[in-house]
Amino acid sequence: GQQVMQIPQYQHVQEGEDFTTYCNSSTTLSNIQWYKQRPGGHPVFLIQLVKSGEVKKQKRLTFQFGEAKKNSSLHITATQTTDVGTYFCAGQGSGYALNFGKGTSLLVTP
Amino acid sequence: NAGVTQTPKFQVLKTGQSMTLQCAQDMNHNSMYWYRQDPGMGLRLIYYSASEGTTDKGEVPNGYNVSRLNKREFSLRLESAAPSQTSVYFCASSGAGGTGELFFGEGSRLTVL
């Protein structure tokens, strides 16, 4: 079945440093979504990417979808303490439901 | 704006006891989902309901049953709880079939002793 792998599992940065998390699928995806979960909270939708090679930006966050639609990345420029949390990618292949990666936990120290 | 509401938020069970997690959404969404989240494992799909009247197994359905009571409500039942079912359970809904944004409830933390 479809698997979505996400790396790294953890990342600890100093405030102001950049951060990137990567997501790879074993199969071609129809779309990929990104979610953020604050400690003790629930996942909250950030964005959906559908097109091959798509790049979307939300302020300091940049999301990319690979040309082959098998990989994606989330890059945060100049991290802030408010960026702390776990970032999940979730891919949809030929099946109905999303398959989530295991997430990357980001810790930002001032 | 309630969104997705789950009850209870916390529950402690003894092995072998049964319980039902309730979920309701007020966004008129067709699709609803139950996920479990364990440390280091991400979110794993237990069951989903693409529309009222249908339910399907996800990645980890064993030990669980679901009921799509109506368009708003989707419940998850543990018939005989086991310690391996200790987890945080999230209900989610989506309005765009299986392709759209998921809206999650706040989660239900279940401990089975």
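This is a predicted model, so every value here is computed, not measured.

Caption draft 1: Molecular detail of the interface of chain B and chain A. Between chain B and chain A, the residue contacts involve 21 residues of the former and 18 residues of the latter. Of the residues in the side of chain B that touches chain A, the class split is 10 nonpolar, 9 polar and 2 charged.

Caption draft 2: Quick peek at the sheet that holds strand E7 (residues 64-68) of chain B. All names here are of chain B. Strand order in the open sheet formed by 4 strands is E1-E3-E8-E7, with antiparallel pairing between adjacent strands. Both outer strands of the open sheet, strand E1 (4-7) and E7, are each paired with one neighbouring strand and no more. Each strand of the sheet is rotated relative to its neighbour by a mean of 15°, with strand direction disregarded.

Caption draft 3: Quick peek at the state of the cysteines. Residues and elements named next belong to chain A. Tallied over the entire structure, the rule returns 2 disulfides over all chains. Two residues, Cys 23 and Cys 89, share a disulfide whose sulfurs are 2.0 Å apart. Here the S-S torsion is close to 70°, and the disulfide linking Cys 23 with Cys 89 is therefore right-handed. Here Cys 23 is found in strand E3 (residues 19-25), whereas its partner Cys 89 is found in strand E9 (residues 85-92), with 66 residues between them in sequence. The two residues Cys 23 and Cys 89 agree in class, both being buried.

Caption draft 4: Local environment of the pairing of strand E5 (residues 42-49) of chain B. Residues and elements named next belong to chain B. Burial within E5 is extensive, with 8 of its 8 residues counted as buried. Here strand E4 (residues 31-38) runs beside E5; their pairing, made up of 7 bridges, is antiparallel. Opposite Tyr 33, over in E5, you have Tyr 48 as the bridge partner. Taking the residues between adjacent antiparallel strands as the criterion, E4 and E5 are bridged by 3 residues, where Gly 40 takes a positive phi near 75°. The pairing of E5 with strand E6 (residues 56-57) spans 2 bridges and is antiparallel. Bridge pairing in E6 places Tyr 47 opposite Lys 57. Between the end of E5 and the start of E6, which pair antiparallel, lie 6 residues, with Gly 53 showing a positive phi angle near 95°.

Caption draft 5: Focus on the packing of aromatic side chains. Evaluation of the coordinates by the stated rule reveals 12 aromatic pairs over all chains. With a centroid separation of 5.8 Å and an interplanar angle of 90°, the aromatic rings of Tyr 35 of chain A and Phe 104 of chain B are classed as edge-to-face. Highlighted residues: Tyr 35 of chain A in strand E4 (residues 31-37) and Phe 104 of chain B in strand E10 (residues 103-104), drawn from two different chains. Take Tyr 35 of chain A and Phe 104 of chain B: they sit in the same class, and that class is buried. Their ring planes at 85° and their centres at 6.2 Å tell us that Phe 90 of chain B and Phe 104 of chain B sit as a pair that is edge-to-face. Linking Phe 90 of chain B in strand E9 (residues 87-94) with Phe 104 of chain B in strand E10, this pair joins segments that are 14 residues apart in sequence. Assigned by exposure class, Phe 90 of chain B and Phe 104 of chain B land together as buried.

Caption draft 6: A look at the sheet that holds E3 of chain A. All names here are of chain A. Pairing is antiparallel in the open sheet, where 5 strands are placed in the order E1-E3-E8-E7-E6. What marks the edges here is a single partner per strand, and that holds for strand E1 (4-7) and strand E6 (55-58). Strand-to-strand twist across the sheet, computed as the mean angle between neighbouring axes with direction ignored, equals 15°.

Caption draft 7: Main features of the environment of Cys 91 of chain B. All names here are of chain B. By the element assignment, Cys 91 lies in strand E9. In sequence terms Cys 91 and Ala 24 are 67 residues apart; their C-alpha atoms lie 8.6 Å from each other. Once residues within four sequence positions are removed from consideration, Cys 91 is found in contact with Val 4, Gln 6, Cys 23, Met 32, Tyr 33, Trp 34, Phe 103, Phe 104 and Gly 105.

Caption draft 8: Structural detail: the side chain of Ser 93 of chain B. All names here are of chain B. Here Ser 93 is to be found in strand E9. A polar contact of 2.8 Å, which involves the side chain of Ser 93, links it to the side chain of His 29. Once residues within four sequence positions are removed from consideration, Ser 93 is found in contact with Val 4, Gln 25, Met 27, His 29, Ser 31, Met 32, Tyr 33, Glu 101, Leu 102 and Phe 103.

The rules behind these values
Residues numbered from 1 in each chain as written. Chains lettered and ligands numbered in written order. Predicted model: local features only at pLDDT ≥ 70, side-chain atom pairs only at ≥ 80, totals over all residues. Heavy atoms only, no water. Contact = heavy atoms within 4.5 Å. Nonpolar A, V, L, I, M, F, W, Y, C, P; charged D, E, K, R; others polar. Pairing = 2+ DSSP bridges. Helix = DSSP H or I, 4+ residues; strand = E, 2+ residues; numbered from the N terminus. Axes fitted to C-alpha atoms, helices over the stretch in contact; angles between N-to-C directions. Disulfide = S-S within 2.5 Å. Buried < 20%, exposed > 50% of the residue type's maximum accessible area, 1.4 Å probe, protein only. Phe/Tyr/Trp six-rings, centres within 6.5 Å; stacked < 30°, edge-to-face > 60°. Polar contact = N/O pair within 3.5 Å; in protein donor to acceptor, adjacent residues only side chain to side chain.

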